[in-house]
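What follows is the residue order along each chain.
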Amino acid sequence: MDSFSEIAGISINKINTLTNLKGLYFISSDVDLNNMDNDTVNSIEISNCSVANIKDLNNCSSLNELNFSKVVINNKIIFVSDEDELDKKYVLKNSSDFEYLDNIEILSIRNIQIEDVSGFLKMDSLNSFTISKGSILENDRKLLEESEITIIEKIDDE
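Residues numbered from 1 in each chain as written. Predicted model: local features only at pLDDT ≥ 70, side-chain atom pairs only at ≥ 80, totals over all residues. Heavy atoms only, no water.

1. A closer look at the overall build of the protein chain
Logical step 1: Summing up its helical and strand segments, the protein chain has three helices and 13 strands in all.
Logical step 2: Against the 2.2 N^0.38 benchmark of 15 Å for 158 residues, the protein chain shows a C-alpha radius of gyration of 15 Å, consistent with a compact globule.
Logical step 3: Oriented by its inertia axes, the alpha-carbon framework of the protein chain measures out at about 40 × 40 × 25 Å.
Logical step 4: The proportion of buried residues among the 158 residues of the protein chain is 42%.
Logical step 5: Considering only residue pairs separated by 6 or more positions, the protein chain has 27% of its internal contacts joining residues 24 or more positions apart.
Logical step 6: Only carbon and sulfur atoms are counted for the fraction: they give 43% of the accessible area of the protein chain, which is about 8400 Å².
Logical step 7: With 14 positive and 30 negative side-chain charges, the protein chain shows a spacing of 2 Å between the two charge centroids. (Helix = DSSP H or I, 4+ residues; strand = E, 2+ residues; numbered from the N terminus. Rg over C-alpha atoms; globule rule 2.2 N^0.38 Å. Buried < 20%, exposed > 50% of the residue type's maximum accessible area, 1.4 Å probe, protein only. Contact = heavy atoms within 4.5 Å. Areas by Shrake-Rupley, 256 points an atom, 1.4 Å probe, with all protein chains shown as cover. Lys, Arg positive; Asp, Glu negative; His and termini not counted. Charge placed at Lys NZ, Arg CZ, Asp CG, Glu CD.)

So this is what it looks like as structure tokens:
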């Protein structure tokens, strides 16, 4: 994954000092959220990025909305490409890091095939989950709905 910038360490510390920050948008970057701790940010969108330490978003007490599209996360969401590169896709293999994000009410994971929902089921506040159409197995969808999580399916935007 090509990235335009690296956001970590000093950059995250600077973000933590912004007391009027309400939303963050990361695009085409390597993002390490280690020590992320901003109490005013309520929405984060991450697109076309490589991401590390999403568990640290739990330190952001006002964060209630999280949006991911085409991301790679520490061997949890991986990028898969076949030999002729016609079938390129992102696949969520392990959702365990999400279980720590208890403040998140609205979660969007788009342009990513979802193979594991166990971490989402353990999120205390999750009530709305937007996914790409056809990106989740029917049994997993039922498990989420039985946990009173509303599933919203949207067609991928390329």
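From this point on, the discussion continues.
2. Quick look at the side chain of S108
Logical step 1: You can see S108 is positioned in strand β10 (residues 106-110).
Logical step 2: According to the relative accessible area criterion, S108 is buried, its value standing at 9%.
Logical step 3: When sequence neighbours within four positions are dropped, the list of residues in contact with S108 reads L66, N67, F68 and T130.

3. Let's talk about the nonpolar core
Logical step 1: Core analysis: the biggest nonpolar cluster contains 42 residues, and F68, F98, L107 and F120 have the highest contact counts within it.
Logical step 2: Secondary structure elements with two or more residues in this core: α1 (10-17), β2 (23-27), β4 (43-47), β6 (65-69), β9 (88-92), β10 and β12 (128-132).
Logical step 3: In this view, F120 contacts L92, S95, F98, L107, I109, I114, L126, F129, L144 and I149; residues no more than four positions away in its chain are not counted. (Core = buried A, V, L, I, M, F, W, Y, C linked by side-chain atoms within 4.5 Å.)

4. Observations concerning helix α3 (residues 138-146)
Logical step 1: Those residues of α3 that fall on the buried side of the exposure criterion are D140, R141 and L144. Buried residues of α3 fall within an arc of 105° about the axis and therefore sit on the same side. Exposed residues on α3 whose side chains face more than 90 degrees from its buried face are N139 and E146.
Logical step 2: Elements that come into contact with the buried residues of α3 comprise α2 (118-121), β12 and β13 (150-154).
Logical step 3: Phi turns positive one or two residues past the end of α3, at E148, with a value near 65°. (Arc of directions from axis to C-beta.)

5. Considering the environment of N16
Logical step 1: Structurally, the position occupied by N16 is in helix α1.
Logical step 2: The residues touching N16, leaving out its near neighbours within four places in the chain, are N35, M36, D37 and N38.

Nothing here speaks to function; it is all geometry.
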